[in-house]
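A structural walkthrough
Here is what each chain is made of, one letter per residue.
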Amino acid sequence: MRDEVMHKPYRVVIVTLDAHAAGPALRVSSRLAPDFPGLDVQVFAAAEWSESPEALVHAQEAVAKGDIVIANLLFLEEHVKAILPAMQARRDNCDAMLGVIADADVVKLTRMGDLDMSKPASGAMALLKKLRGSSKASADSGAKQMKTLRRLPKILKLIPGKAQDLRAWFLSMQYWLGGSDDNVEQMIRFLIGRYADRADWHGAAADLPIEYPDVGLYHPDLPDHHIVTDLADLPNIMRPTATVGLLMLRSYILASDCAHYDAVIRAFEEKGIRVIP
């Protein structure tokens, strides 16, 4: 019986907005395999569903069998309506379900240990609402929210009981927002070690999320797609004919999905133009 459990597939299903986030999850599967035999990590992109009904069906079927289900960056009504019934049907039969950085109906499906976000806010959840403050946006509201996000797991670590599951939810959000291969791997290790219904996996070690700059600089010649903050760390072009600034999405850089950015940077540089990405 024990051998059957060890070899039974264990499915971590991630439903997100687009395919660039799939890269880290799929690449780290080989790193996770030796420690978690039978682990199957699947990622589904909601952006594909309108053009490929088959892709939606595959996502719904995967959610229906998922042991840990993670949904994030789902805000469009068409995406939420498409996957919500499958998530609702699976919620009480999986080890954990997380809705992070998503529509309120998705977040309410979160169930992690003693944390059930479908229930009225009390205790730690009531504290969370106070910490979030005003919902009105301001010029620095994004930076303040990120600062709060990083502080909360440290605060919640000191509060026993349900707060530890709320801390796990915030840590999961931090892992995903810093969505490099390393952070996605540690997120999966963390969730499996805490919530998987497998005694031999309980307490699996996981590193805390690596923090990357919210705003920084990038260049394809930097090692391992690092983000730097000092202009002097970027390669220089002698006597450039011009200098251009290139705005990019941080999540693509962290996910190493930046071939399109690299091509643009190289094309400018071939013409003697310095690029500040």
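Our structure's up above, just so we're on the same page.
Section: the pattern of salt bridges
- Tallied over the full model, the rule gives 12 salt bridges.
- Between Asp 92 and Arg 91 there is a salt bridge; the shortest N-O distance is 3.6 Å.
- Judged by its relative accessible area of 58%, Asp 92 falls in the exposed class.

A short note on the packing of aromatic side chains
- Under the defined criterion, the tally for this structure stands at 5 aromatic pairs.
- Summarising the aromatic geometry, the rings of Tyr 10 and Trp 201 are spaced 5.3 Å apart at their centres and angled 75 degrees between planes, so their arrangement reads as edge-to-face. With Tyr 10 in strand β1 (residues 10-16) and Trp 201 in the loop between α10 (181-195) and β7 (242-245), the pair connects residues that are 191 residues apart, well separated along the chain.
- Assessed through its relative accessible area of 4%, Tyr 10 is described here as buried.
- Its relative accessible area of 2% is what places Trp 201 among the buried residues.
- Judged by centre distance (6.3 Å) and plane angle (70 degrees), the ring pair of Tyr 252 and Tyr 261 falls under edge-to-face.

A short note on the sheet that holds strand β2 (residues 39-45)
- A sheet is described by the order of its strands in space; here 6 strands give the open sequence β2-β1-β3-β4-β5-β6, paired in mixed fashion. Of all strands in the sheet, those bounded by a partner on one side alone are β2 and β6 (115-116).
- Looking at chain direction, β1 and strand β3 (residues 68-72) are connected through 4 bridges and run parallel. Residue Val 13 lies in a different strand from β3, and its bridge partner there is Val 69.

Some thoughts on the side chain of Asp 181
- Within the secondary structure layout, Asp 181 lies in helix α10.
- Overall, the relative accessible area of 14% leaves Asp 181 in the buried class.
- Discounting chain neighbours no more than four positions away, the residues touching Asp 181 are Pro 24, Arg 27, Val 28, Arg 31 and Leu 254.

What to know about helix α9 (residues 163-177)
- With 15 residues, α9 should cover 21 Å at 1.5 Å per step; its first-to-last C-alpha distance of 21 Å lies within 8% of that length.
- Burial analysis of α9 places 13 of its 15 residues in the buried class, the great majority of the element.

Some thoughts on the pairing of strand β4 (residues 96-100)
- Of all 5 residues that make up β4, 5 are buried, and the element is covered over most of its length.
- Burial of the side chains of β4 extends over both faces: Ala 96, Leu 98 and Val 100 are buried on one face and Met 97 and Gly 99 on the other.
- Taken together, the 5 bridges between β3 and β4 define a ladder with parallel strand orientation. By the bridge assignment for β4, Ala 71 is matched with Gly 99.
- One crossover worth recording links β3 to the parallel β4 by way of helix α5 (residues 77-90), and it is right-handed.
- With 2 bridges joining them, β4 and strand β5 (residues 111-112) adopt antiparallel strand pairing. Among the inter-strand pairings, Ala 96 is bridged to a residue of β5, identified as Met 112.

What counts as what
- Residues numbered from 1 in each chain as written.
- Predicted model: local features only at pLDDT ≥ 70, side-chain atom pairs only at ≥ 80, totals over all residues.
- Heavy atoms only, no water.
- Salt bridge = Lys/Arg side-chain N within 4 Å of Asp/Glu carboxyl O.
- Buried < 20%, exposed > 50% of the residue type's maximum accessible area, 1.4 Å probe, protein only.
- Phe/Tyr/Trp six-rings, centres within 6.5 Å; stacked < 30°, edge-to-face > 60°.
- Helix = DSSP H or I, 4+ residues; strand = E, 2+ residues; numbered from the N terminus.
- Pairing = 2+ DSSP bridges.
- Contact = heavy atoms within 4.5 Å.
- Expected span 1.5 Å × (residues − 1).
- Right-handed = clockwise from strand over helix to strand, strands pointing away.

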